[in-house]
Amino acid sequence: MRKVWMAPLCLAGVALLGGCGESMRAQTARAIDSVQSIDQENMAEMMLAVADPAEAIQYFTAQSQQHPDRIIFRRGLARSLMRAGRAEDSIAVWQQVLAHPEATLDDRVDMAEAYIRANNWPQAEATLNAIPPTHETYSRYRLEAMVADSRQQWDRADSFYEIAVGLTPTPASTLNNWGYSKLTRGDARGAERLFLEALQHDSTLFPAKNNLVLARASRRIYELPLIEMTQIERAELLHTMALAAIRQGDVQTGRGLLEDAIATHPQHFEAAANALAALQ
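Residues numbered from 1 in each chain as written. Predicted model: local features only at pLDDT ≥ 70, side-chain atom pairs only at ≥ 80, totals over all residues. Heavy atoms only, no water.

**Structural notes on empty space enclosed by the protein**
Unfilled space is identified by rolling a water-sized probe across the atoms.
Here is step 1 of the chain: Applying the stated criterion across every chain, the model contains one cavity of 30 Å³ or more.
Here is step 2 of the chain: In this structure, the largest cavity encloses a volume near 50 Å³.
Here is step 3 of the chain: As for the largest cavity, its lining consists of E125, N129, E144, V147, A148, R151, Q153 and R156.
Here is step 4 of the chain: By residue number, the principal contributor to the lining of the largest cavity is helix α7 (residues 138–150), which donates three residues.
Here is step 5 of the chain: When grouped by side-chain class, the residues that make up the lining of the largest cavity number two nonpolar, two polar and four charged. (1 Å grid on protein atoms, 1.4 Å probe; cavity = no way out; pocket = protein on both sides within 12 Å on 5 of 7 lines; lining within 4 Å. Points joined across faces, edges and corners; volume = space filled by probe spheres on them. Helix = DSSP H or I, 4+ residues; strand = E, 2+ residues; numbered from the N terminus. Nonpolar A, V, L, I, M, F, W, Y, C, P; charged D, E, K, R; others polar.)

Here is the structure:
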């Protein structure tokens, strides 16, 4: 009697073990896929952060071909093309990214930036207009400010720049852009304040130093501001100031500044030397 009912029980045990084996294999496969996905994402982030742009383009192109369903590789390729200065080429890839079901509003913002870098301002504006106003990010408002600048909508630009600055812990480059916008409008004093504020956040930002010198020179202030600068930067800023003075008709002042720039630079300063030779 015992043997009669033990046989089915053993068979049930075998079936249960078989089912457990299949379940374990499925779980293992999912775990491996998950690890591989994380590894791919980490590799993609590393390629975007530290790899040479050409190398990153090659990597993401190959990965996009091998994994056409993975948006991370299309997105990486588009960003790498932009890093390489190939904004126009990136637009077609961004369009593929936006067609993916996992596309985000941030992808649309990045596409707007690609249009701006490609000097296609109408498309950039249309792309930004398609983003809901509830998507309030630093990148979005920075681009909105640039588009408003291109349309000479100064109040609108100032509003967007102010919002963008408040949304990032590193606003130096945006403050520099805002200052340059003020400078192009003829507001040299306002521009100077913004360049100085940018340098308070990042004392190494040379474009802000150069623009600060231009803002002061436009008011015929031909003295270097009291900011941190290397010897080479000092020579380059003197050169910038000299050219600004010459353009404004202050030729003698410009000549003296060129001589100072040449004397200050630790190596031969060809650009300043050529400018001085042209004057003489």
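**Re the nonpolar core**
Here is step 1 of the chain: Core analysis: the largest hydrophobic core is formed by 32 residues, its most contacted members being F60 and W94.
Here is step 2 of the chain: Of all the elements in the fold, those that place two or more residues in this core are α1 (2–50), α2 (53–66), α3 (71–83), α4 (87–99), α5 (105–117), α6 (121–129) and α7.
Here is step 3 of the chain: No other element matches α3, which puts seven residues into this core.
Here is step 4 of the chain: With 24 residues, the next largest nonpolar core counts Y138, A157, L205 and I227 among its residues. (Core = buried A, V, L, I, M, F, W, Y, C linked by side-chain atoms within 4.5 Å. Buried < 20%, exposed > 50% of the residue type's maximum accessible area, 1.4 Å probe, protein only.)

**With respect to α4**
Here is step 1 of the chain: Helix length check: α4 (13 residues) gives 19 Å between terminal C-alpha atoms against 18 Å at 1.5 Å per residue, within 8%.
Here is step 2 of the chain: Among all positions of α4, only A87, S90, I91, V93, W94, V97 and L98 are buried.
Here is step 3 of the chain: Buried-residue contacts for α4 involve α3 and α5. (Expected span 1.5 Å × (residues − 1). Contact = heavy atoms within 4.5 Å.)

**Observations concerning the pattern of salt bridges**
Here is step 1 of the chain: Within the structure shown, the criterion is met by 15 salt bridges.
Here is step 2 of the chain: Between E192 and R219 there is a salt bridge, and its shortest N-O distance comes to 2.5 Å. With E192 in helix α10 (residues 188–201) and R219 in the loop between α11 (206–218) and α12 (231–247), this residue pair connects regions lying 27 residues apart in the sequence.
Here is step 3 of the chain: Take E192: its relative accessible area is 12%, and that puts it in the buried class. (Salt bridge = Lys/Arg side-chain N within 4 Å of Asp/Glu carboxyl O.)

**Re the packing of aromatic side chains**
Here is step 1 of the chain: Per the counting criterion, the structure on display carries three aromatic pairs.
Here is step 2 of the chain: Ring plane angle 70 degrees and centroid distance 5.1 Å describe the contact between Y59 and F60, whose orientation is recorded as edge-to-face.
Here is step 3 of the chain: Residue classification places Y59 among the buried residues on the basis of a relative accessible area of 16%.
Here is step 4 of the chain: Under the relative-accessibility criterion, F60 is labelled buried at 0%. (Phe/Tyr/Trp six-rings, centres within 6.5 Å; stacked < 30°, edge-to-face > 60°.)

**Some thoughts on the environment of R185**
Here is step 1 of the chain: Structurally, the position occupied by R185 is in the loop between α9 (172–184) and α10.
Here is step 2 of the chain: A C-alpha to C-alpha distance of 8.6 Å links R185 and W154, two positions 31 residues apart in sequence.
Here is step 3 of the chain: Of note is the side chain of R185, whose polar atom sits 2.8 Å from the side chain of D158.
Here is step 4 of the chain: A polar atom in the side chain of R185 sits 2.8 Å from the side chain of S181. (Polar contact = N/O pair within 3.5 Å; in protein donor to acceptor, adjacent residues only side chain to side chain.)

Nothing here speaks to function; it is geometry throughout.
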